[in-house]
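As a plain string of letters, each chain reads:
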Amino acid sequence: MIWGGLLVLAGLGVFFRTYQQGAVLETIANSSSTALFIRICLYIMSIILIGGGIKKIYPLFTRLSSDAHDPDSGDQTEQDNSVDL
């Protein structure tokens, strides 16, 4: 849970920092096409970070919500599993 949250926060940080530092990227890069390439790479990296964080967080919430909706899950006895022939 913590690792997934940190991945999402890192992805959001890279995304917004890339947006804020657009002028600095133009200055560092020799051409506008190089700056565009760097921006695209940073945005893709942020999307991958956010996606990885969501991938780690989502199963936890789906498991918790399914347990909350079905309080009898996992409490089956052997009599419930037997089949009468």
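Heads up: the structure comes first, above all this text.
Remember, it's a predicted structure, so these values are computed and weren't measured experimentally. (Residues numbered from 1 in each chain as written. Predicted model: local features only at pLDDT ≥ 70, side-chain atom pairs only at ≥ 80, totals over all residues. Heavy atoms only, no water.)

Caption draft 1: Broad picture of the side chain of S46. Mapped onto the elements, S46 comes out in helix α3 (residues 32-69). Residue class for S46 comes out buried when judged on its relative accessible area of 0%. Within the local environment of S46, its side chain forms a polar contact with the backbone oxygen of Y43, the two atoms lying 2.7 Å apart. Residues within four places of S46 in sequence aside, it is in contact with G11, V14 and F15. (Helix = DSSP H or I, 4+ residues; strand = E, 2+ residues; numbered from the N terminus. Buried < 20%, exposed > 50% of the residue type's maximum accessible area, 1.4 Å probe, protein only. Polar contact = N/O pair within 3.5 Å; in protein donor to acceptor, adjacent residues only side chain to side chain. Contact = heavy atoms within 4.5 Å.)

Caption draft 2: Geometry of the packing of aromatic side chains. Inspection of the entire model under this criterion finds two aromatic pairs. Judged by centre distance (5.6 Å) and plane angle (90°), the rings of F15 and F16 are edge-to-face. The exposure class assigned to F15 is partly exposed, which follows from its relative accessible area of 33%. Residue classification places F16 among the partly exposed positions, given a relative accessible area of 49%. Here F15 and Y43 contribute two aromatic rings whose centre-to-centre distance is 5.0 Å and whose plane-to-plane angle is 55°, an arrangement assigned as tilted. With F15 in helix α1 (residues 2-20) and Y43 in helix α3, this residue pair connects regions lying 28 residues apart in the sequence. Among the aromatic side chains, those forming a connected cluster through ring pairs are F15, F16 and Y43. (Phe/Tyr/Trp six-rings, centres within 6.5 Å; stacked < 30°, edge-to-face > 60°.)

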